[in-house]
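Reading the structure
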Amino acid sequence: MKFKFLNFFLILCLLLNTHILIAQYTPYFQNYSLSEYHAGNQNWGVSKSENGKLYVANNNGLLEFDGLNWELKALPNKTIIRSVLAHNDKIYTGSYEEFGFWEDNKKGVLEYTSLSDKLQGNDFLNEEFWEIVAYKDMVVFRSFLNIYIVKGGDIIKIKPKSTVISCDIVNGQLFVSTLRNGIFTLDNTRLINVIEDELLKESKVVSISKIKKGLLITTAIKGCFIYDGTSLFPWNSNINSLIKQHQLNSHTTLEDGTMVFGTIQNGVYYTDADGRIRFHINKENGLANNTVLSQHLALNNELWLGLDNGLTSIDLNGAHSFYNDISGSLGAVYDVISFQGTIYIASNTGLYFLDQESRLHFISGSQGQVWDLKEINGQLFCGHNNGTYLVENKTMQLISNFTGGWVLKKVPEKNKIYMQGTYAGIVKFEENAGKWNVTHMQKTTAPIRYLEFEDQYHAWAAHAYRGVYRMKFNKDYDSIIEMKNYKHKGLESNFNVRVYKIKNDICFKTNNGWHKYEPLLDSIVAYPFLNKKFGKDAYIISEADINVLGVKGDETISFNTFTSSNHDFFLPIKYFKNRLIVGYENISKISDSVFALSLNDGFALLNKSGKAVKDSLFPVSIESVGINGALIDLEGVDAIDLPYSDNIAITISSPKSKDAFFEYAIFQQTPKVWNKMERATLKLSNLNNGDYTISFRVANGFGDRSVAKDIKIKVLPPWYKGVKGLFLFIAVLILVSLVAFYFHKRKIEKEQKALQEKLAAKQEALLKEHAVENEKRMVQLKNQSLKSEVKLKSKQLANTAMSLVKKNESVLEIKNELVKSKAEFKNTFVYKKLLRKIDNSIGHEDEWQLFEYNFNQVHEEFFNQLKSKFPKLTHKDLKICAYIKMNLLTKEIAPLMNVSIRGLETHRYRLKSKLNLGNDISVSDFLRDFK
């Protein structure tokens, strides 16, 4: 512990030598807000148990913190808890008209037991218990009115003469301070007055502690006094006037004599044994609240502050200090340099410096992004978004208009020539007679963020986003005579390339790990040495040409040298979590042992000589085990029988382990595979029956691991794999067999019935098929009969027509003979009558009707169709159409119509017009095809 304080003192002295008032710097501290611990804002008391858990007396109840998780426990009456003390596995608390203790039950849950319930009478009314101290084998509860001593199972009440202000244990004695009657010591159950002085009357004594000169008595507004055993006098110290002004509320003395003063109005002061201020933390430099309600000093000088709004832990053993600007003026810091005894800070808002009282000052004209600060030959160069400036006497002088001065490198063996990587490529700076001449090297205009010289005339440049180039300068450095892109020369990834010169090797950090340039191959090759030493994902964030390299990993920042396989020291993630400028992380050298880490809203001064010791890792503790949401007893928790299909939740903790996380492994029959736990509770479900070993351990970013804690879980087989399951299986098997036999028999019966039905259906189908075939045959026979009948009728019709033709021919011959013999007839009347009968015989209507009937029998609906389609056809036209349909010749039709052949041809011509036939269609063809 003394060694760590010596380290911190060394860095303070170094800073004092650079004219920096250390009181403005602070050790590492962390605030905890309401949104993190989810309780009331005021925290009246803080105490840490031997197992490392923190307990806080909060407005809403008792807060428990295991290093990862906060949990709130409320009193049965829901009142404010004013005091807390962790002592001998019990957590004592005091509240309004209530005091008692908490302890874990068998299931790991804190349960409250009231002690004040044992008191009788009304003397207990309207008391609040503001302080609890452990004294010998007693626990003392203090209210403003009384003191209650709990010893064994008894409670002893002591009533002082006036208001009780505080209780303190010094050199094995319990001192009780009162408002009007001085200070007492406890002797068994009696109070003995030991200090009574007018200076202490009506004074609120905050604390009594041991110092070299005697007893240091601190008060709220009258300052501090020293009691040397006989007299009381004011303490002559720097802190005295400050605590009078800001009202002291809490005080702690450390083993080495240093002291912590917590005030109502202005945060907390840390002093040496003589009261000289070492640092001051208040709201202006990051403290969550200026009102300090309580203090607790834990192991390794870890100081906890209970605030009026939140909680804060301060690492008093830390070797590093921090500069924080809560105002937001500073912004993101990109570089820090100590130049001529002044700290200059490059940020995204401009260039700043700290005066001798560490007050922040903005340099006029520097507004904008500042990338780089570098001292060259006693001059301070400032690489700015607008160009490059010289900083002289806190003023800016522009010497280069080329924007974006990222990096400035000296040309080897040339003291007056420098090359700079800018937004627009490479720019040369050359000093001549005290002035700097700036020219652009015309070969490239790409933005160059990284630049390293391989030798006097060769340099490597990395593009700001993609690509890496090897350049060759001429002897006068007037131009770049060669520029080669190494994208396809072994570079696995062309994006986000960083270039470093490490021990005369040109090294590259890419997305795929570390590489280096191999001159003999003129190619870039993998670099296993750096991949192993730094890690494939780690990269250097400090200047590469110094002996100690700052390397950024996933969880830590480490300082490495090549002379040792070990890291010089580590910086855990808590120091820079959410504060690094991602992609622009930077560590700058302030002195041989002090480095500045750039942060958002400030920077950290890292003391390399401090050799920060890594915190030890402690095995995990089982906090609770729940099966299906129900907690089980923790006795015998190392072996658990888990019913099949139930889920299990195991909550673990390791409060003493710092900057660590949990890992677990499930071991059954395969090698252990460790997995990182995102929370402190591991939930398992759907485990197959069998034996499992669940291992838990604590790990950190340095690669350290604690001893594993094992829990054996036996997942019981499901009920159906036991005796009951066997009997049930047999019963089910028998039942299934019977059911199968029944359904098999029923199936056979159904199949037989189906076969019978199928056979009957087949027979019926055959019968139907025969019937259909018979019916087809009947239809065919009937059609044949009809065809024969039609053929017969056609023949009859033709015969009838021929008979009519022959008859009419004979009659016409007779008529012609009569006409020739007309002169031989003497009776003209008889002659004419005979001719008339002959004519009537030729066109007899009954014969036509018989013909028409027979014709329709052969040619169904011929006349009806013809008349419907051609309604203008006459009776005579229809006759001619019928004769033509029968394929009778004109000479055969003429006798039937009792007309001449010529007359019939004329009639046929007229018929063609009525049928609307073209010249290319004959009447005969049309009527033969007409249906």
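Quick summary incoming for the structure in this document. All values reported here derive from a predicted model rather than from experimental measurement. (Residues numbered from 1 in each chain as written. Predicted model: local features only at pLDDT ≥ 70, side-chain atom pairs only at ≥ 80, totals over all residues. Heavy atoms only, no water.)

Focus on the sheet that holds strand β47 (residues 505–510)
Sheet strands pair by backbone hydrogen bonding; their relative direction is either parallel or antiparallel. Our working definition: Here, any two strands with at least 2 DSSP bridges between them count as paired. Numbered from the N terminus, helices here are DSSP runs of H or I no shorter than four residues, and strands are runs of E no shorter than two. A fitted line through C-alpha atoms represents every axis, and for helices the fit uses only the stretch in contact; the resulting angles, taken between N-to-C directions, go from 0 to 180 degrees.
Reading across from one edge, β46-β47-β48-β49 is the order of the 4 strands in this open sheet, with antiparallel pairing throughout. Each edge of the sheet is formed by a strand with only one pairing partner; in this case those strands are β46 (498–502) and β49 (523–526). Strand-to-strand twist across the sheet, computed as the mean angle between neighbouring axes with direction ignored, equals 35°. Two strands pair when backbone bridges link them, and strand β48 (residues 513–518) and β49 are joined in this way by 4 bridges, in the antiparallel orientation. Note that in β49 the partner of Glu518 across the bridge is Ser523.

What to know about the pattern of salt bridges
To keep things clear, this is the line we draw: Whenever a carboxyl oxygen of Asp or Glu lies within 4 Å of a side-chain nitrogen of Lys or Arg, that contact is scored as a salt bridge. Per-residue accessibility, obtained with a 1.4 Å probe over protein chains only, is compared with the maximum for each type, and a residue is labelled buried under 20%, exposed over 50%, and partly exposed between these values.
Summed over the entire model, instances satisfying the criterion amount to 31 salt bridges. Notably, a salt bridge pairs Glu623 with Lys53, separated by 2.3 Å at the nearest N-O pair. Residue Glu623 is found in strand β57 (residues 621–627), and its partner Lys53 is found in the loop between β2 (43–48) and β3 (54–58); the two are separated by 570 residues along the sequence. The class for Glu623 is buried, based on a relative accessible area of 17%. Given a relative accessible area of 3%, Lys53 falls into the buried group. In this structure, Arg276 and Asp272 form a salt bridge, with 3.0 Å as the shortest nitrogen-oxygen distance. Assessed through its relative accessible area of 45%, Arg276 is described here as partly exposed.

Let's talk about the sheet that holds strand β41 (residues 435–440)
Taken in spatial order, the 4 strands of this open sheet run β38-β39-β40-β41, and their pairing is antiparallel. On the outer flanks of this sheet lie β38 (407–410) and β41, each paired with one strand and no other. For this sheet, the mean inter-axis angle between neighbouring strands, taken without regard to orientation, is 25°. Taken together, the 4 bridges between β38 and strand β39 (residues 417–422) define a ladder with antiparallel strand orientation. Counted as the bridge partner of Lys410 is Tyr418 from β39.

Side note on a positive patch on the surface
Short version of the rule: Patches in this entry comprise residues that are over 30% relatively accessible and not in a salt bridge; like charges within 9 Å are linked, as are nonpolar side chains (Val, Leu, Ile, Met, Phe, Trp, Tyr) within 5 Å. Note on areas: Shrake-Rupley with a 1.4 Å probe; residue coverage comes only from the protein chains shown. Here Asp and Glu are counted as negative and Lys and Arg as positive; His is not counted, and neither are the chain ends. Lysine's charge is taken at NZ, arginine's at CZ, aspartate's at CG and glutamate's at CD.
Residues Lys822, Lys832, Lys833, Arg836 and Lys837 make up a contiguous surface patch of positive charge. Of note, Lys822 is situated in the loop between α5 (723–820) and α6 (828–842).

Concerning the pairing of strand β40 (residues 425–432)
Every regular strand shows the same layout, with side chains that alternate between the two sheet faces. β40 sits mainly inside the fold: 6 of its 8 residues count as buried. Two successive antiparallel strands, β39 and β40, enclose a turn made up of 2 residues. Two elements, β40 and β41, share 6 bridges in a ladder whose sense is antiparallel. In the sheet register, Val427 faces β41, and the bridge partner there is His440.

Description of the packing of helix α9 (residues 875–885) against helix α11 (residues 901–914)
Basically, it comes down to this: What sets the label is the angle itself: under 35 degrees gives roughly parallel, over 145 gives roughly antiparallel, 65 to 115 gives roughly perpendicular, and the rest give oblique. In what follows, a contact means two residues having at least one pair of non-hydrogen atoms within 4.5 Å. Under the scheme applied, nonpolar residues are Ala, Val, Leu, Ile, Met, Phe, Trp, Tyr, Cys and Pro; charged residues are Asp, Glu, Lys and Arg; polar residues are all the others, including Gly.
At a closest axis distance of 11 Å, the pairing of α9 and α11 adopts a crossing angle of 100°. Of the possible angle classes, the one that applies to α9 and α11 is roughly perpendicular. Taking contact as the criterion, the partners of Lys876, Asp877, Ile880, Cys881 and Ile884 in α9 are, on α11, Leu904, His907, Arg908, Leu911 and Lys914. Looking at the contact of α9 with α11, its residues break down into 5 nonpolar, 1 polar and 4 charged.

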